[in-house]
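Read off the chains here:
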Amino acid sequence: MTSTPVTFWEWFTTLDTGDLAGLSILAVLGGVSVIIVLSSVVYLMHKNRLQDSLKRELLDRGFSAEEIALVVYGTGRKAVNESKISESLRETQAKQS
């Protein structure tokens, strides 16, 4: 009758090189996956923080919500006439003067 390993180290010492290679590959892939997830979370947090500060700065300058949306999201989301935008910007600048 063979005894079953009770602790991790007893089990680990019974592994041969093929098992250790597979275990090492799994450990590396798991580590890389964790790094990728953490990096993407940090990137998205940084991007949102920058976008929020841009919006606050534009609000401080007197831009309307429509103008801020146009600056932040671009013209791809909403088709807006350029003359309308430039007219609105001129009005905003005239109010500031």
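What counts, and at which threshold
Along each chain, the written sequence defines residue order, and numbers are assigned to residues from 1. Per-residue local features of the predicted model are confined to residues with pLDDT of at least 70, and side-chain atom pairs are confined, for both listing and counting, to 80 or more; whole-chain, interface and lining totals are unaffected and use all residues. Each side-chain value is worked out from all heavy atoms of the structure, with water and hydrogens disregarded. In what follows, salt bridge is the name for a side-chain nitrogen of Lys or Arg lying within 4 Å of a carboxyl oxygen of Asp or Glu. Fitting a line to C-alpha atoms yields each axis, with helices limited to the stretch in contact; the angle taken between N-to-C directions then spans 0 to 180 degrees. Secondary structure elements are defined from DSSP: runs of H or I of at least 4 residues count as helices, runs of E of at least 2 residues count as strands, and each element is numbered from the N terminus. Crossing handedness is read from the near helix: turned anticlockwise from the far helix by less than a right angle, it gives a left-handed crossing, and turned clockwise, a right-handed one. Between two residues, a contact is recorded if the distance between any of their heavy atoms is within 4.5 Å. One less than the residue count of a helix, multiplied by 1.5 Å, gives the span that helix is expected to have. Here a polar contact means two N or O atoms within 3.5 Å. Within protein one must be a hydrogen donor candidate and the other an acceptor candidate, and residues neighboring in sequence count only if both atoms are side-chain atoms. What pLDDT reports is the predictor's confidence in each residue, on a scale of 0 through 100.

Draft legend 1. Examining the pattern of salt bridges more closely. Following the criterion strictly, the structure yields one salt bridge and no others. Among the salt bridges present, the one from Glu 57 reaches Arg 61, with a minimum N-O distance of 2.9 Å.

Draft legend 2. Spatial organisation of the packing of helix 2 (residues 17-60) against helix 3 (residues 65-73). Two numbers describe how helix 2 lies on helix 3: the axes approach to 10 Å, and their chain directions differ by 145°. As helix 2 packs across helix 3, the resulting crossing turns out to be right-handed. Mapping the contact onto sequence places Gln 51, Leu 54, Lys 55, Leu 58 and Leu 59 in helix 2 and Ile 68, Val 71, Val 72 and Tyr 73 in helix 3.

Draft legend 3. Looking closely at helix 2. The terminal C-alpha atoms of helix 2 lie 64 Å apart, and with 44 residues this matches the ideal 64 Å at 1.5 Å per residue to within 8%. Regarding helix 2, its N-cap is Asp 16, as a side-chain oxygen of that residue lies 3.1 Å from the backbone nitrogen of Asp 19 further along.

Draft legend 4. Fine view of the confidence of the model for the chain. Per-residue confidence for the chain gives a mean pLDDT of 82; residues scoring 70 or more make up 82%. Of all helices and strands in the chain, the one with the weakest mean pLDDT is helix 4 (residues 82-96) (70), whereas helix 2 scores best (93).

Draft legend 5. Inspection of the environment of Arg 61 at higher detail. Positionally, Arg 61 belongs in the loop between helix 2 and helix 3. When the C-alpha atoms of Arg 61 and Gln 93 are compared, they prove to be 9.2 Å apart, with 32 residues separating the residues in sequence. Among the polar contacts listed, one links the side chain of Arg 61 to the side chain of Glu 57, at a separation of 2.9 Å.

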